[in-house]
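Fold and contact review
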Number of protein chains: 2
Amino acid sequence: MPAQEIPVANPGALPSHLPDEVLQLAAKFEKKPLPQNVQTSLRSFQRAACYIAAAMIFLRDNVLLDRPLEPSHIKPRLLGHWGTCPGLVLIHSHLNLLLRNHSSSDLELLQVIGPGHGAPGALAALWLEGSLSRFYPDEYPVSANGLFNLVTRFSVPGGFPSHINAETPGAIHEGGELGYALAVAYGAVMDRPELVVACVVGDGEAETGPTATAWHANKYIDPRESGAVIPILHVNGFKISERTVFGCMDDKELLALFSGYGYQVAIVDHGDDWEAVNEELAATMEWALGEVREIQGRARRGEAVVKPRWPMVVLRTPKGWGGPKELDGKKIEGSFHSHQVPLPKAGGDETQLRVLGEWLGSYKIGELIQDGKPVQAILDNLPQDDGKKLGQLKATYDAHIPLKQVGWEEFAVEKGTEQSCMKVAGKLLDSMFQANPKTLRLFSPDELESNKLDAILDHTQRNFQWDEYSRNNGGRVIETLSEHDCQGFMQGYTLTGRTALFPSYESFLGIVHTMMVQYSKFIKIANEVPWRGELASINYIETSTWARQEHNGFSHQNPSFIGAVLNLKADMARVYLPPDANCFLSALHHCLLSKSHTNLLIGSKQPTPVYLSPADAGVHCAAGASIFPFASCSGEPDVVIVGLGVETTLETVHAAALLRRLCPSLHVRLVNVVDLMILPVESRHPHALSEERFEQLFTRDRPVLFNYHGYATELQGLLFGRGRMERFTVRGYKEEGSTTTPFDMMLVNGVSRFDVVRWAVEAFGGWGRGRRRDPDDIYEMPKFE
Amino acid sequence: MPAQEIPVANPGALPSHLPDEVLQLAAKFEKKPLPQNVQTSLRSFQRAACYIAAAMIFLRDNVLLDRPLEPSHIKPRLLGHWGTCPGLVLIHSHLNLLLRNHSSSDLELLQVIGPGHGAPGALAALWLEGSLSRFYPDEYPVSANGLFNLVTRFSVPGGFPSHINAETPGAIHEGGELGYALAVAYGAVMDRPELVVACVVGDGEAETGPTATAWHANKYIDPRESGAVIPILHVNGFKISERTVFGCMDDKELLALFSGYGYQVAIVDHGDDWEAVNEELAATMEWALGEVREIQGRARRGEAVVKPRWPMVVLRTPKGWGGPKELDGKKIEGSFHSHQVPLPKAGGDETQLRVLGEWLGSYKIGELIQDGKPVQAILDNLPQDDGKKLGQLKATYDAHIPLKQVGWEEFAVEKGTEQSCMKVAGKLLDSMFQANPKTLRLFSPDELESNKLDAILDHTQRNFQWDEYSRNNGGRVIETLSEHDCQGFMQGYTLTGRTALFPSYESFLGIVHTMMVQYSKFIKIANEVPWRGELASINYIETSTWARQEHNGFSHQNPSFIGAVLNLKADMARVYLPPDANCFLSALHHCLLSKSHTNLLIGSKQPTPVYLSPADAGVHCAAGASIFPFASCSGEPDVVIVGLGVETTLETVHAAALLRRLCPSLHVRLVNVVDLMILPVESRHPHALSEERFEQLFTRDRPVLFNYHGYATELQGLLFGRGRMERFTVRGYKEEGSTTTPFDMMLVNGVSRFDVVRWAVEAFGGWGRGRRRDPDDIYEMPKFE
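Cut-offs applied
- Residue indices begin from 1 for each chain and proceed along its sequence in written order.
- Just so you know, chain letters begin at A and ligand numbers begin at 1, following the order they were written in.
- Confidence filtering applies because this is a predicted model: local features only for residues at pLDDT of at least 70, side-chain atom pairs given and counted only at 80 or more, and all residues used for totals across whole chains, interfaces and linings.
- Only residues with pLDDT of at least 70 in both copies contribute their C-alpha atoms to the least-squares superposition of the copies.
- Think of it this way: build a C-beta for each residue from its backbone, and any pair within 7 Å is a contact.
- Nonpolar cores are identified as sets of buried Ala, Val, Leu, Ile, Met, Phe, Trp, Tyr and Cys residues joined via C-beta atoms within 7 Å.
- The exposure label follows from counting other C-beta atoms within 10 Å of a residue's C-beta, where the C-beta atoms are placed from the backbone and the thresholds are 20 or more for buried and 12 or fewer for exposed, leaving partly exposed in between.
- Helix and strand assignments follow DSSP, with helices taken as H or I runs no shorter than four residues and strands as E runs no shorter than two, numbered in order from the N terminus.
- A helix is expected to reach a length of 1.5 Å times the quantity of its residues less one.
- Pairing between two strands requires that DSSP report at least two bridges joining them.
- Here, axes are lines fitted to C-alpha atoms. For helices the fit covers the stretch in contact, and angles between N-to-C directions go from 0 to 180 degrees.

Mapping chain A onto chain B is achieved by rotating through 180° and translating by 0.0 Å along the same axis, at an RMSD of 0.0 Å. Both copies are brought into coincidence by an operation consistent with a two-fold rotation axis. The share of interface residues of chain A whose copies in chain B are also at the interface is 100%, consistent with both copies meeting through the same surface.

If you want it as structure tokens, here you go:
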């Protein structure tokens with residue numbers, strides 16, 4: 001078999017067999033010629049930004065190329081991704097133009113960039129517009145020194161990293177794992193009618209499932225209450241080393257696909273002709289904004305707007321546009337060879353250095369940056385109002401709107417009754433939504449009723465514009481069977497200042513495991529960035545857990561999302577396992593008002609005993625863990641049994657009652673843990689109990705059984721480092737169970753009351769073992785047998 | 001705000017504003033009238049299967065309704081999902097018809113069902129066709145007793161669970177987490193030119209990202225070498241409690257969307273007219289198979305086939321079709337109310353019992369099942385050849401083709417050199433692909449070159465049919481930027497008897513965390529099912545790990561997939577961290593030939609020292625962990641340092657050298673762990689070391705530092721239960737690092753050589769501590785300083 005002929009340059013997509021009629025789907029609009037001065041200012045901005053982006057990848061000196069390039073000017077290690085940069089620069093310049101053209105309107109334009117590896121392009125544009133200077137006046141002023149720092153410190157320890165992150169002004173999206181930009185963009189515009197988000201989706205990213213379904217998010221945008229997203233699919237044809245799916249689709253395939261998603265599609269494609277692309281793209285962005293305004297106008301005037309065809313743009317440009325055309329007979333521009341560093345040996349190889357010099361020289365940067373400042377032609381591209389610049393929009397960095405509080409105690413239930421955590425949570429949330437009709441949303445993968453949170457719908461509704469029953473109703477709830485969309489919406493909504501919840505079947509939250517980790521990485525850095533304001537936490541509610549999946553069986557049993565949260569930085573990670581409805585209310589209330597955490601709440605949708613009064617529940621949750629006195633002896637116990645989770649706690653309560661009856665000489669203490677983070681040693685988490693407090697609860701040396709909701713290994717890891725670990729036994733879900741009874745689920749996983757009793761008696765030394773006890777040391781019989 | 005008017009019945013999609021020309025995209029074909037006897041046999045099968053499916057949800061007695069229904073006949077707890085069953089039955093009957101019509105051809109038809117909660121429909125059909133009887137002759141024979149068992153034991157402990165799983169004959173897909181059926185179907189047909197997979201995708205499932213991108217998988221099917229998938233999008237309009245996105249799309253939107261994906265689309269929609277639907281669907285399935293044969297014929301005759309428009313079917317039927325029309329004024333049929341149990345109080349409510357009786361009675365089951373056997377009209381729908389029945393196709397249960405072996409030692413490298421694990425792995429795989437040109441595939445999210453596995457492409461190629469450069473070339477490699485597709489392809493390919501690998505950047509494997517768990521759940525049960533044959537393992541290679549993400553930074557650092565594998569059942573979970581290239585080869589070779597495991601191999605793409613000769617590497621990997629003698633004292637050490645992972649091991653090797661020089665009186669032992677599963681106590685994993693062997697390596701009581709590649713918590717959990725845990729210190733990745741140097745990554749995460757040295761000296765009692773030593777007790781200087 002011969003070696004594969006690697007596609008070296010984008011040959012254009014092979015034509016499909018779709019009928020020509022499909023071409024009629026293309027958006028039709030009038031194109032005004034672009035005035036020469038506008039063309040000049042666009043090109044000046046583009047040339048300067050492309051130059052700077054390239055320089056950031058290569059140069060450690062001579063950053064304005066004011067002398068011939070020498071090997072000593074080249075960074076010792078070349079890092080960064082060039083391929084996508086020219087496209088990002090192109091788009092930035094056209095968003096600037098749009099802002100200028102509509103400076104008298106209330107347009108707020110926010111950019112979400114999917115291909116975050118194009119950080120050099122984004123940062124170069126942000127330096128030119130003065131946004132880096134705004135937030136980093138010492139490091140990156142608009143001056144020769146600022147530019148020197150930007151170029152030489154890029155991808156170097158202490159400088160900007162190679163991907164867009166929370167240090168990038170204007171960014172609300174971590175530029176690492178691909179696929180999520182579009183859902184984040186849609187989340188950002190919800191309940192912000194003034195906002196338009198231009199979302200750049202790379203054609204690599206577009207291959208991901210999360211992006212593939214996020215195109216459907218147009219169906220959840222009410223043009224009256226929310227802003228609009230203008231997606232820009234940037235097709236440069238190649239990924240790291242192969243053609244992209246979208247790069248191989250012809251215009252007919254693209255028009256059909258995105259029309260099917262419900263969009264009006266405009267395709268901008270003029271090969272490598274910058275001026276033609278500028279003219280076409282400028283007209284296209286005007287058309288897109290016009291369509292947005294038209295749809296919004298109709299809706300806001302009270303017209304019924306059914307299935308609006310929101311605009312989207314397909315932008316075809318060569319990968320690494322403007323970079324070296326070829327090297328050693330290999331195409332670079334317009335091929336995957338320009339994905340990262342197109343001249344990887346520029347520091348050592350004479351030819352590559354020469355090509356680099358020619359390439360960088362082609363931008364004539366001396367004409368564009370003078371005395372360390374952009375020339376007037378570049379300034380002419382920038383929005384007049386600093387606050388509207390893409391890097392300085394307040395919505396991107398300091399937009400938090402605190403929720404109006406509602407007391408959770410109002411919804412508390414009576415101790416001794418049986419209640420569903422979710423039923424009461426639904427009532428609290430119903431009230432929270434009424435108090436916060438524009439700043440709180442809930443996203444769920446179609447399981448709100450199934451999860452018994454239906455009280456939420458008492459005063460609000462589902463918001464699904466494609467369905468006549470839920471169109472135009474201001475609903476606070478979006479149910480879509482895409483966990484990725486739910487997560488992306490929550491991220492976009494939270495990062496622009498609001499608060500959101502994501503309830504889900506427990507087993508399916510893991511679908512967004514890495515996405516949550518990416519978000520948390522963004523937040524970790526955001527917390528370290530002084531110019532970013534505080535944000536609400538993101539809030540997960542897990543219910544329909546493995547312990548009550550007797551109806552759905554084995555495939556619906558997976559508590560692994562706990563582990564995902566546990567591995568986050570301690571500053572962020574919060575996992576709560578409230579044992580009953582009142583505790584759930586208290587913990588939920590706490591989470592909704594907390595800041596910058598990743599909160600995971602786990603509860604049951606089935607009615608279960610309420611152990612604590614509202615007052616006691618509040619105290620218990622604040623403590624994180626307490627002794628349940630009604631199920632514990634007074635004084636020092638022989639053994640300690642610990643419940644973590646609704647059903648696993650219930651089993652310990654039953655076990656305590658059984659032990660009381662069957663083995664009265666055995667003194668047992670029952671501890672319930674609400675806050676998982678109290679368990680590790682103090683250095684590991686801010687909530688961790690002091691050793692003294694830990695011993696007050698778990699004794700100094702008695703055998704302790706942790707009857708845990710999650711996987712035993714993770715709890716064992718959390719406990720590691722606490723004294724005398726040999727006395728700890730940890731039981732948890734161990735991947736057993738099918739469609740069976742709830743109690744059988746407890747049995748097959750070894751966490752039933754009988755397992756607890758057996759452990760306790762063995763730890764105690766046997767049923768027959770008696771010892772003298774103080775006759776007063778008799779604890780009350782548990783009520784919940 | 002008034003409470004939301006819940007959509008109670010599918011009102012049909014609101015019309016979109018797409019132009020009428022789009023309707024021309026619909027597939028055009030001739031429809032022959034369906035002979036009455038065929039219509040009769042279809043309807044007989046459908047009526048019987050729908051009856052049985054409904055009975056499975058409701059009845060514990062009187063299963064053939066041969067006497068009036070009484071409350072005592074109703075199961076005490078009603079479990080199951082009715083809504084999707086009639087559609088699954090309909091499709092099953094038409095696949096039967098297709099098999100009958102083409103019985104003289106070599107057609108092999110395999111069904112993959114996305115909406116696995118429709119198990120009653122699937123199982124009812126499988127009983128009727130005798131496939132349950134084949135595999136469960138004692139429990140579910142084709143007899144009155146077999147039917148009684150099927151009905152009464154469904155969703156009851158010991159009987160079939162509520163979702164399709166590995167116990168279901170003909171199934172190769174776990175019916176739990178939605179979204180993956182389509183990618184699995186595409187994986188199944190690869191390299192099986194005779195196979196046609198009919199893949200049922202529910203309209204709920206179709207909202208997921210993984211399904212949304214799996215439609216693009218048509219672009220990876222070479223019609224010469226592979227079979228074909230006929231996707232059937234089953235649109236019944238509702239999920240658990242809301243309309244579906246696809247149910248709200250009109251014909252024009254659907255035609256445009258799926259034409260854009262590259263398909264020819266046929267829409268079957270005749271409301272609730274069974275006979276009309278049968279006629280239309282029969283013709284449509286014939287058309288679809290004809291199109292498949294036409295495309296394959298052209299390709300297999302050697303014609304260039306460019307962008308073939310593979311057929312797909314959109315099937316609109318009412319949800320819960322044939323069930324109760326309404327109850328208490330609420331629509332049931334054609335609404336979300338029929339999703340699960342449409343008459344939830346049938347056991348206690350007189351009205352509901354009556355409605356149930358009328359509903360079940362409407363099928364006239366007595367006409368269809370006589371003496372416990374299906375009547376001739378039903379038998380007339382079944383394929384004549386048992387081996388071709390959907391439940392008995394060998395490809396679904398016993399198809400494993402062992403790989404031809406290639407010795408890994410041939411690619412081994414010299415001890416003392418520096419080599420990339422991935423470079424050598426690429427060479428072994430190149431050779432494996434040559435030896436196994438039709439039974440081994442590799443799926444990767446576009447990172448093969450970036451991961452330094454490019455030697456794989458020496459004798460094979462990428463296989464991407466939409467790209468003229470990689471079309472029709474028999475390539476073993478698919479690179480697509482969808483981890484979900486990669487995982488689904490691997491599952492389908494493996495479950496139909498072949499072997500696959502999935503290399504990835506470490507940080508992005510977690511994207512398929514829950515998908516891998518679902519697959520492993522299927523395998524766990526498959527291993528318990530006696531009639532299923534053995535299968536190859538699934539094989540992940542993680543590289544470009546956090547330890548060498550100095551160029552991509554923080555967003556590309558996430559070793560959490562280890563934890564996902566650790567939490568699987570011990571029978572399946574395998575995690576290998578080979579410290580060098582030779583060990584990697586040995587471990588990879590072992591994994592490829594292993595059976596039914598979920599193998600995770602973690603290695604480095606950068607050149608790193610080769611510590612062991614090929615022979616020693618083989619012994620080391622088989623042992624799972626050994627002392628590295630070149631970096632250890634002889635005899636009992638003062639401290640033990642343990643490397644787990646390439647870079648973390650290298651740091652321990654350097655630390656040993658530093659300690660030798662700086663603190664010569666401190667005797668250190670260096671242990672390397674390849675197989676993570678040797679660490680837990682014996683009861684927890686088959687690979688776990690005995691306590692005796694554990695102490696031989698890690699001593700009985702000396703301080704031990706585990707310098708670990710992953711998160712410390714999971715390793716601490718693994719070690720939990722080993723004796724004297726207080727002496728263990730565990731360090732690992734702790735979510736620190738940016739675009740920085742590789743060594744800085746070690747420093748900021750506390751796993752650098754200096755951290756190891758500092759720990760060792762502190763554990764030893766300080767630098768100054770001297771003690772007399774035997775002068776011969778001097779270990780060799782490590783070579784790898």
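Within the largest apolar cluster, 525 residues are counted, with the highest numbers of intra-cluster contacts made by A760 of chain A together with A760 of chain B. Beyond its immediate stretch of four places on either side in the chain, A760 of chain A contacts V639, I641, A655, L659, L666, V668 and L705 of chain A.

Further remarks concern helix α19 (residues 646-662) of chain B. Here α19 of chain B is 17 residues long and its end C-alpha atoms lie 24 Å apart, about the 24 Å a rise of 1.5 Å per residue gives. Buried residues dominate α19 of chain B, accounting for 14 of its 17 residues.

Let's shift gears to helix α18 (residues 581-593) of chain A. Residues and elements named next belong to chain A. For α18, with 13 residues, the first-to-last C-alpha span of 19 Å sits near the 18 Å given by 1.5 Å per residue. Of all 13 residues that make up α18, twelve are buried, and the element is covered over most of its length. A581, N582, C583, F584, L585, S586, A587, L588, H589, H590, C591 and L592 are the residues of α18 that are buried.

Residue and element names in this part refer to chain B. Read from one edge of the open sheet, five strands run β18-β20-β19-β21-β22, paired in mixed fashion. Both edges of this open sheet fall to β18 (625-627) and β22 (728-731), since each of them pairs with a single strand only. Each neighbouring strand pair of the sheet contributes to a mean axis angle of 20°, computed without reference to strand direction. When β18 meets strand β20 (residues 668-673), the two strands line up antiparallel, connected through three bridges. Within β20, the residue paired with A625 across the bridge is V673. Running over the sheet, helix α21 (residues 712-719) touches β21 (704-708) and β22 and is turned about 150° from β22.

Here we come to the environment of A171 of chain B. Residues and elements named next belong to chain B. Mapping A171 onto the fold places it in the loop between α5 (144-153) and α6 (181-189). A C-alpha to C-alpha distance of 9.7 Å links A171 and G116, two positions 55 residues apart in sequence. Apart from the residues lying within four places of it in its own chain, the contact partners of A171 are I164, A166 and T396.

Bringing unusual backbone geometry into the picture now. Negative phi characterises most residues that are not glycine, and trans characterises most peptide bonds. At N62 of chain A, a position not held by glycine, the phi torsion is positive, near 55°. Mapped onto the elements of the fold, N62 of chain A is located in the loop between α1 (36-58) and α2 (85-101). Phi angles above zero are rare outside glycine, and E735 of chain B is one such case at about 60°. On the secondary structure map, E735 of chain B appears in the loop between β22 and α22 (742-748).

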